[in-house]
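Listed here are the chains, written in short residue letters.
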Amino acid sequence: MGLHDKLRKFKRTSPSNGIEMQRRRSSQNIVVPPGQVNEQSLQVWRALPPQIRHDPSMVSFQMENERLRGTSLPTEDGSNGKESSPEDERSFSGSDFLHIKARGHHDNDRKSTDDEGHSDLEPHYQLNPTLQCMDKVEAKEKMRKKRHRIKMTKRVCLMIFWLFSAVVFMVFEEKHLLEKTLEVPAEKGKNFLLRNKPTGDFKLDVAGHFNESIYNSNETENILTIQPQLSYFNHKTNHTEFKDILDPWFIPLVNEDMLDYSPVVLRNITFKVSPEDVDEIGNQDVQMRLNMSTNIETDIAIKLTYNPLIINVKTGTLLAALILLLFYALLIWEVFERTFVAIVCSTLSIAVLACFNDRPNMEEIVKYMDMELLTLLFCMMILVGILTETGVFDYIAVMAYEFSQGKVWPMIYSLCLMTCFVSSFLDNMTTVILMTPVAIRLCEVMSLDPVPVLLGIIVHANIGGSLTPIGDPISIIICSNHFIASNGVTFMKFVAHTIPGVILAVLQSCIYLRLVFRKIESLRLNEPKDIKDLRREIRVWHKAAKSISSFSKDADVVRETLLKKVRILKNSLKRKLNGLDTSEAYVHTLEDLKIKYPIKNKTLLAQACCALVFIIICFFIQSVPEWRTLPLGWVALLGIIALLIILNREDMEHLMHRIEWTTLLFFAAMFVMMECVERLGLFAWIGEITEHAILCVEKKNRLAMAIFIILWMSALASAVLDSIPVTAMMVKVVVSLVAKESLGLPLEPLVWALAFGPCLGGNGTLYGASANVLSAGIAEQHGYKISFTRYLKIVFPMMLGQIAIITGYLFFSHILFEWH
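Bear in mind that the values here come from a model prediction, so they are computed numbers and not experimental data.

(A) Layout of the pattern of salt bridges. For the structure on display, the rule yields 18 salt bridges. We note a salt bridge from glutamate 280 to lysine 243, for which the minimum N-O separation is 2.9 Å. In this pair, glutamate 280 sits in helix H10 (residues 275–281) while lysine 243 sits in strand E5 (residues 239–244), placing the two residues 37 residues apart along the sequence. Taking the relative accessible area as the measure of exposure, glutamate 280 reaches 29% and is therefore partly exposed. Through salt bridges that share partners, Lys175, Asp358, Glu364 and Arg679 make up one connected network.

(B) Summary view of empty space enclosed by the protein. Counted by the stated rule, this structure contains 1 cavity of 30 Å³ or more. As a volume, the largest cavity reaches approximately 80 Å³. Along the wall of the largest cavity there are 14 residues; nearest its centre are Asn428, Asp472, Ser723, Ala769 and Ser770. Looking at the lining of the largest cavity, the elements with two or more residues in it are helix H17 (428–445), helix H19 (473–479), helix H31 (723–739), helix H32 (747–761) and helix H33 (770–781).

(C) Structural detail: the nonpolar core. If you look at the biggest cluster of nonpolar residues, it comprises 170 residues, and the most contacted ones within it are Phe327, Leu383, Met673, Leu750 and Ile786. Among the nonpolar cores identified, the runner-up in size contains 30 residues, and Phe192, Leu204, Phe210 and Ile245 belong to it.

(D) Summary view of the packing of aromatic side chains. Here the structure, examined in full by the defined rule, presents 16 aromatic pairs. Between the aromatic rings of phenylalanine 336 and phenylalanine 340, the centroid separation amounts to 5.6 Å while the plane-to-plane angle is 75°, which identifies the pairing as edge-to-face. Using a relative accessible area of 22% as the deciding quantity, one classes phenylalanine 336 as partly exposed. What makes phenylalanine 340 partly exposed here is its relative accessible area of 35%. Clustering of aromatic rings is evident, with ring pairs tying together Phe327, Tyr328, Phe666, Phe667, Phe671, Tyr767 and Phe788. Sitting over the face of the ring of phenylalanine 242, arginine 289 holds its NZ or CZ atom 3.8 Å from the ring centroid. If you follow arginine 338 out to its NZ or CZ, it ends over the ring of phenylalanine 666, 5.6 Å from the centre.

(E) Geometry of the pairing of strand E4 (residues 223–234). Most of E4 sits out of view: 10 of its 12 residues are buried. Bridge analysis of E4 against strand E6 (residues 249–252) gives 4 bridges, and the strand direction is antiparallel. Looking at E6, one finds that threonine 225 is bridged to phenylalanine 250. As judged from the 7 bridges shared by E4 and strand E8 (residues 288–294), these two strands associate in the antiparallel manner. Across the sheet, residue proline 228 finds its bridge partner in E8, namely leucine 290. Where E4 meets E5, 6 bridges bridge the pair, whose relative direction is antiparallel. Residue pairing for E5: phenylalanine 233 is matched across the bridge by threonine 240. Counted along the chain from E4 to the antiparallel partner E5, the turn is 4 residues long, and its residue asparagine 238 has a positive phi close to 60°.

(F) Quick peek at a negative patch on the surface. Among the surface-exposed residues, Glu183, Glu187, Glu256, Asp257, Glu297 and Asp299 lie close enough to one another that they form a single negatively charged patch. Turning to its location among the elements, aspartate 257 is positioned in the loop between E6 and strand E7 (265–271). Aspartate 257 gets classed as exposed once you look at its relative accessible area, which sits at 57%.

(G) Geometry of helix H28 (residues 661–679). Helix length check: H28, at 19 residues, gives a terminal C-alpha distance of 27 Å against a target of 27 Å (1.5 Å per residue), a fit within 8%. Burial analysis of H28 places 14 of its 19 residues in the buried class, the great majority of the element.

(H) How the structure looks around the confidence of the model for the protein. Averaged over the protein, the pLDDT score is 80; the fraction of residues at 70 or greater is 84%. Below a pLDDT of 50 lies the segment residues 6–28, which in the model reaches 12 contacts outside its immediate sequence neighbourhood of four places, other chains included. Scored below 50 in pLDDT, residues 71–127 shows 69 contacts in the model against residues more than four places distant or in partner chains.

Criteria and cut-off values
- Residues numbered from 1 in each chain as written.
- Predicted model: local features only at pLDDT ≥ 70, side-chain atom pairs only at ≥ 80, totals over all residues.
- Heavy atoms only, no water.
- Salt bridge = Lys/Arg side-chain N within 4 Å of Asp/Glu carboxyl O.
- Helix = DSSP H or I, 4+ residues; strand = E, 2+ residues; numbered from the N terminus.
- Buried < 20%, exposed > 50% of the residue type's maximum accessible area, 1.4 Å probe, protein only.
- 1 Å grid on protein atoms, 1.4 Å probe; cavity = no way out; pocket = protein on both sides within 12 Å on 5 of 7 lines; lining within 4 Å.
- Points joined across faces, edges and corners; volume = space filled by probe spheres on them.
- Core = buried A, V, L, I, M, F, W, Y, C linked by side-chain atoms within 4.5 Å.
- Phe/Tyr/Trp six-rings, centres within 6.5 Å; stacked < 30°, edge-to-face > 60°.
- Lys NZ or Arg CZ within 6 Å of the ring centre and 35° of its normal.
- Pairing = 2+ DSSP bridges.
- Patch = residues over 30% accessible without salt bridge, like charges linked within 9 Å, V, L, I, M, F, W, Y side chains within 5 Å.
- Areas by Shrake-Rupley, 256 points an atom, 1.4 Å probe, with all protein chains shown as cover.
- Lys, Arg positive; Asp, Glu negative; His and termini not counted.
- Charge placed at Lys NZ, Arg CZ, Asp CG, Glu CD.
- Expected span 1.5 Å × (residues − 1).
- pLDDT = per-residue confidence, 0-100.
- Contact = heavy atoms within 4.5 Å.

Structure follows, in structure tokens:
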């Protein structure tokens, strides 16, 4: 075969040629044979608008009309050789068809339906334009007054809040907890007098050489006993003596030969004081102390922190719930900017604590902010800002466009799966920082609305975080617990039990997104002009077909011809919407994008990638408990400092402008609010409800109930509260349940339920997980706002479906087959 023959064959098989041939065949399929055209069908044809009559699909009618009447075919400018007959003008003058903008028509034919729409105005306004103008002015004045009233209401409410907070902070001082380092003698024991007697429940934090892997004192012989005691006057001896009140606290100790080598472990307990004991303790002549003793022959040192919890549990839980309701109400209705809402609610929560003489000091508030996490986010934002200057995100977006061949759903699925995979090894917040700019740029290239795509990325980042022990702060909290780690929950076992659930959740989310956005136009940001014209053309032909009544066989011939044309146009629209139009358009767009978005600075990209690789490698190293020496925030900070030293940049101020300070401030304020909510007793109340619900069922059904309660309780709580403190609270619940031998609950199924619950439950609302807030902040910087209500309406049902699927998976594997 010669070169000429090869080129000719290639030309015949080229995509554009094939599509053109397909269009010609489609046109020929709807052409009516000339033998079926008669005078009656021609009369129906002549009643159609000129744009319809002169279409190539109606060529049989045109040729028969020319043969019978001698009317010439349309010229290049779209007009007939002869002027339209009065009959044609009458047939078209009363129609209100939409007109196709093509091949230039007469001025009368260019009139659009928008111009005709003015005839629909009411006669009152047509005859009285002055009244119409007065009504508009009056409506604007009413709207202005309404906005003014809303603005003044906001100001008044904020001033009331400010006055309340200012008075409370001036009246009530900071609460300073009593901390004491004590030595407990082996034989005599130690008595510690509580000069500030509790007026309700009180909490003890004790740090010492305690056994990390044992929570139940029955499993060891070495224990430290702490017994609250109350004084009373013994009339027989005429001396003041002490009696035991409340239940003693037994803390397992390490062996005596390990006291000098074992690490210091922190344990805490909240003593529940009944109303009768509160009345007795409140007596002025009564003293209260803690009696501490051991059963070993060696003196031990402990650090004791005494915290009298003045707030009643029921009162504190109710106030915490009200604060959260206010927080979410202000966010849902977007009364204020979300960062300001978080600041207001966090200040309000501190003021509520101060009203009960439990105001935290500034040092505690700084601890609440989780500086390690904020440092990690700060450093990753700097790294992303530097990577943005290289153009790598635009380049990756072009590569993703090429990989998906310009098709919408393959592109969305590839982004979601990539996010899920990366999030399983990187922190999910780091993942969304890297993936969100890529998704936004790619959506802009494909004229898509980035918000639905970002929702998919957020969801899959949280799903992927549950796959490995290092993929999410939630998994890190679970696997770093000493009790869980010492009972056989290894890295590989964690992955083996979570990967089936992750696969099921990914499949469910992909199917759900496809069903919710089944109409491709709902994903479009701005519909292209050719698609809008095609929609208008479909309306023209469809309306022309509907205008023909089926009163004869001849009319049906014309009507069927028009309907065939409508079907062909709809198929063409479907191909365009699915990105399956001409291959030529895709190739030209891809070539233009590659020229427009190359890598701008390869040297800078190489330097930034080296820093990123260093940070990722250190993340993996720090995930191994034996090698853990630095928090993740410090690792990211070291990588950024090294990068800035290599770059030797002098425009630090420009780089600081790229950091999303409002997002960091929102996180800090929300962390403070969540810690105050926990201090008010809401998390403890959730833990008690969970434990009581499990204990209410029979022993044979307790594992199923425990899996169900832990999974659903942690998921729903994480949707409303931040998932990190929820996980920290639920870990204690799981450990306490497993430590009770009478319950007979295995550890592993409860760990997998807890691994899935907060990760997937964090998808429930926009503020359920830190990655959600971070992605929304980046999108808002690019000009795309993810509203709370839109997120809730789309993602919350998806989250419920995922939790239901995981429930079935855990029941199937651990109740039916007892995989554990």
